[in-house]
Amino acid sequence: MKQTPDLEKKLRNVRRSLHREGLSTVQAVLHEFSVRLSGEVGSWDEKVRAGYAAAGKGFRGVLNDIRVPGVEEPAMSVPLLRDKALEGAAYDVVIVGGGVIGCGIARELSRRDLKIGVLEKEDDAALQASGRNDGMIHPGFAAAPGTLKAAYNSRGNRMYDDWARELDFEIKRTGSILLYRSLWMHLLTPYFKRRCRLNKVDGPCRGLSARQVRELEPYVTEKQKGGFLMPSTAYVSPYRVTLALAENAADNGCDFHFQTALLGVELSSEGSSITHLKTNRGTLSCRVLINAAGVWSDKVAEMAGDRFFSIHGRKGTDAILDKRCEPFQTRASGMPSLLKRNRHSKGGGVVPCVEGNILLGPTAQEVADREDYSTDAHIFGTLVKQLDLNRELHQGQIISYYSGVRAASWEEDFILGPSVKVANLLHAAAIQSPGFASAPAICRDMARWCEDILSEQNVPIRDREGFNPVRRGIPRVREMSEADRDALIRKDPAYGDIVCRCEEISRGEIRDALCSSVPAQSVDGIKRRVRAGAGRCHGGFCLPRIIAIMAREMDIPLTGVTKKGPGSQILMESTKKEAPLCS
Amino acid sequence: MQLNQEKQLQYDVTVVGGGPAGMAAAIAASDEGARVCLLEREEKIGGILKQCIHDGFGVLRFSEQLTGPEYAWRYAQELGRRPVDVLTRTFLTSIEKNGSSRDGYLLKIVNSQGLSRLETRTLVMAMGCRERTDRQVFIHGERPAGIFTAGQAQDLINLKGYLPGKRCVILGSGDIGLIMAQRLTLEGASVEGLYEIGSEPSGLNRNVSQCLEDYGIPLHLNSTVLEVQGRKRVEAVTVARMERGIPVQDTVRTVPCDSLILSVGLIPENEMLQSLAPQMDERTRGPRVNQYMETSCPGVFSCGNALHVNDLVDYVSQSGETAGRAAALYASNRSGGDRGGEAELTAAGNLSYVLPQKLRLPAEGAVPLFFRVNKSAPRGKLTVTHEGTVILEKTFRWLKAAEMERLDLDLSVFSGSNGGSVAVRMSEEGS
Ligand SMILES: Cc1cc2nc3c(=O)[nH]c(=O)nc-3n(C[C@H](O)[C@H](O)[C@H](O)COP(=O)(O)OP(=O)(O)OC[C@H]3O[C@@H](n4cnc5c(N)ncnc54)[C@H](O)[C@@H]3O)c2cc1C
Ligand SMILES: Cc1cc2nc3c(=O)[nH]c(=O)nc-3n(C[C@H](O)[C@H](O)[C@H](O)COP(=O)(O)OP(=O)(O)OC[C@H]3O[C@@H](n4cnc5c(N)ncnc54)[C@H](O)[C@@H]3O)c2cc1C
């Protein structure tokens, strides 16, 4: 490609920024319309700084290939399963990734009479970012006006009520408050309002006096001098939303292939379109490939011959507080992150959950390993400082904690739409926060773009006959009215047999989770679907019984039951050491 | 029992939980002539004893060494001889006050026949306790399969017949952890070591010698597990010696294993009770009760491990009996609870708590006081004062933080007083 003077100028800009950061050892060269960084630096932090130094300079993307000696960047983990189940399969559309984006696109496309397959390398949907976030449906305030994040967030937020109604998941729209720690912050209110207008945040958004904050949230600490209320903020259970989308898509004919990783892509001879997809379960073909691969979306783009951005993992840790804390906080509240240093994370704070628990977090930490979901004492220490925001909350109420990894691009914006290079490739990449909130809008647009590409290939786009947008979830028995609950149990006594005592979950609900259209495969899969084992004793009492129920329903030995898919067996062996029967 | 749905269920005493505490309460209440119902969530009564197949139960009560199931069986037999309605696989989901103060409570219960309402004059809460988890002791690292509480491991081995791990590390030296170290070894697993953050084991000496020393299992005091490694199944744990809550750098080590078993404390199960907003004791994490095991909610009693964590099942049964009898008397208006007053007990000095926390006065007879010390000590002097006057003194030897102590207090010392404050202090005493 010929380098235009314009690109040369941009490149010089990048080099200047790198120099300012003291990163002169880093080389910046042009890669198609992107800038590619290479060389060696001394620490991960330097690599991150270099990536940001190259961002915002007008390139299509930043490829950060800098090496950090001593820091390993582990490759994507691949399922153990090897078979030929997908050999020769042919789909109109293949979606890589079973997160909220992949499942949402599948559901949106299932309105049409198309053959759709979703490839997900884990053994269930929502095992990466979509199952490890705060479930906050942001109002659309945080992103800078003009970005894709800003445009999609408020639109997505608005679409959530329809999703909730059709897909039968709980949503709590109680709003959120940015807290003002000092009086001068009231001066920001007009600026915040303007930002809301520009980003089309649903209102009315308004400034609050200290007294008004306390009227709304009586337990926030006295230190607060006021705040800014955004009423459209809502809360959902992220994995339940993702699973609901997957189930509805499956009900409408989509195929979900779990433990199936996209490992390679075959392109037409001139490299302009995708012909075949290689997986650990055989090679299949598709007319359109949709990249919704989260933290690995850059690798999928690379496989598909369209390498123009790279992803870096930013880990966030959250702590979960006991349900008993529910009355203490109704709306998320946190500090606005005004400092430039923090600009890449959502401030973090105290976030209520639909289930009644309260979350603290999330933190933000750059990590080399994109599947590193561990937690550490140091980060945890910074997390628990958020307890100071509410005077009724304390460390003893923490029942658990977890981490997720955000798929951040160096430009810090979503990458959405058709590839400029490969005709039948679409990206929904770098979907980090507020990706969950934006999902309904992203998925709708992605589906339309996909239909356009199919139309160009002369594939007729017809409505699917009998498409049903409505999905009924597993009954939430404990929330039913007395009469309904009684009637349900009389019809099916399994709903009266309580297995998980902290969350009051019946055997009937667990059985349903094992035979839904996207069934649970593991103990954690059951927990995500019906909350059995998610309470304060964390499965202390019910684990042995859940294992027994799973073995019976799935018709597998007790030792075949896993916590989180192959390799995570729970029981080692029977203690009855009889000689095996001759066969 | 088959529920008759058309008829509202009505009882004088409803016991929630069919462990040793609940069984004893139901028997005692029935013997006082009350109409009694016992609710148990599981298929069989017996509570946690069903999985405690080692012996050592009932030494005080039966002067015999029984296994858990044997001990439970004796009570189940006794219960079977009485006209008590035992509802198993029945879960209590909510409690509400029924009408004015003495009218009792309305319970909602769920079982495979439906959701029913049950009216009761009194309630005996005997729901036992739950175990603290790895998250409650803030263990970090990965979250693979292979992390169990000792109670889970006990259930899996003893009731289900499966080994949860073959190469185990145990954290916490509570009795259940010690017993599990032995049990796992006998079932062919290797126990790599037992780590305890405290400077002494928190279980009974007898268990330390019988369960660890006899099998050569190393006990690491002042040490803990910091992190777990392995993404799918536990592959190793990181351990370290701790000094003032901080890991000592050059003692951080990785111990390869396939499972981590925790015995890091028990928490009384009182979520259901707390919907009635009784006064709670921060130390015991159970309700505050008087000598009749009555909580601050009229007609609601608490016993067993739901009241405070016990070491010996014999005391659990005893508290159940007290609560059951008192509930029956209350239901038939024979408790005399509306006369007299209450004295408040406070624990001071080297005492973590004292139970009961209140005494209804005037009353006759003797009341067993149960207490635990904060720090083990070779000697300690217990002084009980009422409104500044010493009413009882006793010297104890070899006080251990792990062991609950007991002392009988003769109520005649209060001679007619019907209130005031009672201080129970354990002071160190030079030898
Ligand atoms: C701690 C934390 C808190 C957050 N809080 C919020 C919040 O409150 N609100 C909000 O709006 N957003 C939040 N986010 C962001 C939100 O979680 C993400 O934007 C969203 O879940 C992204 O969805 P996704 O489908 O793109 O990615 P994912 O859910 O990660 O899905 C991608 C999937 O692709 C699969 N995959 C990858 N490569 C392959 C391959 N080669 N073959 C097969 N499968 C593959 C992966 O296994 C994965 O399941 C948060 C994120 C984190 C980490
Ligand atoms: C894992 C474990 C192991 C132990 N091992 C030993 C040992 O080896 N030796 C020893 O001396 N002591 C041991 N103990 C201590 C032992 O718990 C006590 O000695 C005694 O068993 C406690 O009796 P309890 O009746 O108070 O509670 P439990 O025996 O726990 O009984 C409580 C009962 O209440 C039921 N219940 C709870 N909630 C509800 C509801 N909502 N509706 C209906 N029913 C409900 C439960 O199913 C249970 O059956 C152990 C404790 C635990 C937790």
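Residues numbered from 1 in each chain as written. Chains lettered and ligands numbered in written order. Predicted model: local features only at pLDDT ≥ 70, side-chain atom pairs only at ≥ 80, totals over all residues. Heavy atoms only, no water.

Trainee: Explain the site of ligand 2 residue by residue, including any values.
Mentor: All names here are of chain B. The immediate surroundings of ligand 2 are formed by 33 residues, with A21, E40, I48, H54 and N305 found nearest. A distance of 3.2 Å separates an oxygen atom of ligand 2 from a polar atom in the backbone of P20. At 3.1 Å from an oxygen atom of ligand 2 is found a main-chain nitrogen or oxygen belonging to D311. Burial of ligand 2 by the surrounding chains reaches 95%, relative to a free accessible area of 980 Å². Going through the elements one at a time, α1 (20-31), β6 (91-97), α4 (150-159), α5 (175-186) and α8 (313-331) are the ones with two or more residues in the shell around ligand 2. Partitioning the shell around ligand 2 into residue classes produces 17 nonpolar, 11 polar and five charged. (Near = heavy atom within 4 Å. Polar contact = N/O pair within 3.5 Å; in protein donor to acceptor, adjacent residues only side chain to side chain. Areas by Shrake-Rupley, 256 points an atom, 1.4 Å probe, with all protein chains shown as cover. Helix = DSSP H or I, 4+ residues; strand = E, 2+ residues; numbered from the N terminus. Nonpolar A, V, L, I, M, F, W, Y, C, P; charged D, E, K, R; others polar.)

Trainee: Any details on the sheet that holds strand β6 (residues 136-137) of chain A? Residues and values, ideally.
Mentor: Residues and elements named next belong to chain A. Read across the sheet, three strands follow the order β6-β11-β7 without closing on themselves; strand pairing throughout is antiparallel. With one partner strand each, in any of the chains shown, β6 and β7 (171-172) form the two edges of the open sheet. In this structure, β7 lies alongside strand β11 (residues 234-236), joined through two bridges in antiparallel fashion. Across the sheet, I171 pairs through a bridge with V236, a residue of β11. (Pairing = 2+ DSSP bridges.)

Trainee: Please provide a residue-by-residue account of empty space enclosed by the protein, values included.
Mentor: Residue and element names in this part refer to chain A. Inspection of the entire model under this criterion finds three cavities of 30 Å³ or more. Estimated volume of the largest cavity: approximately 160 Å³. Residue lining of the largest cavity: 15 residues in total, with R240, R471, I474, R476 and R529 positioned closest to the centre. Residue assignment for the lining of the largest cavity shows that the elements contributing at least two residues are α7 (238-251) and α13 (523-530). Ranked by residue count, the leading element in the lining of the largest cavity is α7, at three residues. When the residues that make up the lining of the largest cavity are grouped by side-chain class, the tally is five nonpolar, one polar and nine charged. (1 Å grid on protein atoms, 1.4 Å probe; cavity = no way out; pocket = protein on both sides within 12 Å on 5 of 7 lines; lining within 4 Å. Points joined across faces, edges and corners; volume = space filled by probe spheres on them.)

Trainee: Give a detailed account of the site of ligand 1, specifying residues and quantitative values.
Mentor: All names here are of chain A. Around ligand 1, a shell composed of 41 residues is seen, among which E120, S130, M136, I431 and A437 lie nearest. Taking F436, its main chain carries an N or O atom lying 3.0 Å from an oxygen atom of ligand 1. Between ligand 1 and the protein, one listed contact pairs an oxygen atom with a backbone N or O atom of A437 at 2.7 Å. Isolated, ligand 1 exposes 1000 Å² of accessible area, and the fraction of that covered by the protein chains is 99%. Mapped onto the shell around ligand 1, the elements with two or more residues apiece are α3 (100-109), β16 (311-321), β21 (398-409) and α10 (435-456). Considering only residue class, the shell around ligand 1 consists of 19 nonpolar, 15 polar and seven charged.

Trainee: Provide a residue-level description of the packing of aromatic side chains, including the pertinent values.
Mentor: A full pass over the atoms with the stated rule returns 20 aromatic pairs over all chains. With a centroid separation of 5.6 Å and an interplanar angle of 70°, the aromatic rings of F62(B) and Y71(B) are classed as edge-to-face. On the accessibility criterion, Y71(B) (0% relative accessible area) is buried. Where F371(B) meets F396(B), the ring centres are 5.4 Å apart and the plane angle is 90°; that geometry is what we call edge-to-face. Residue F371(B) is found in strand β26 (residues 366-373), and its partner F396(B) is found in strand β28 (residues 389-399); the two are separated by 25 residues along the sequence. Residue F396(B) is classed as buried on the basis of its relative accessible area, which comes to 6%. Grouping aromatic residues by their ring pairs yields a cluster made of F141(A), Y180(A), Y191(A), F192(A) and F228(A). Sitting over the face of the ring of Y91(A), K115(A) holds its NZ or CZ atom 4.2 Å from the ring centroid. (Phe/Tyr/Trp six-rings, centres within 6.5 Å; stacked < 30°, edge-to-face > 60°. Buried < 20%, exposed > 50% of the residue type's maximum accessible area, 1.4 Å probe, protein only. Lys NZ or Arg CZ within 6 Å of the ring centre and 35° of its normal.)

Trainee: Can you break down the pairing of strand β8 (residues 176-180) of chain A residue by residue, with the values?
Mentor: All names here are of chain A. Burial analysis of β8 places five of its five residues in the buried class, the great majority of the element. Along β8, one buried face is formed by S176, L178 and Y180 and the opposite face, lined by I177 and L179, is buried too. As paired strands, β8 and strand β10 (residues 226-230) are joined by five bridges and run antiparallel to one another. Bridge pairing links I177 to L229 in β10. The sheet contact formed by β8 and strand β17 (residues 332-334) spans three bridges and is parallel. If you follow L178 over to β17, its bridge partner there is G334.

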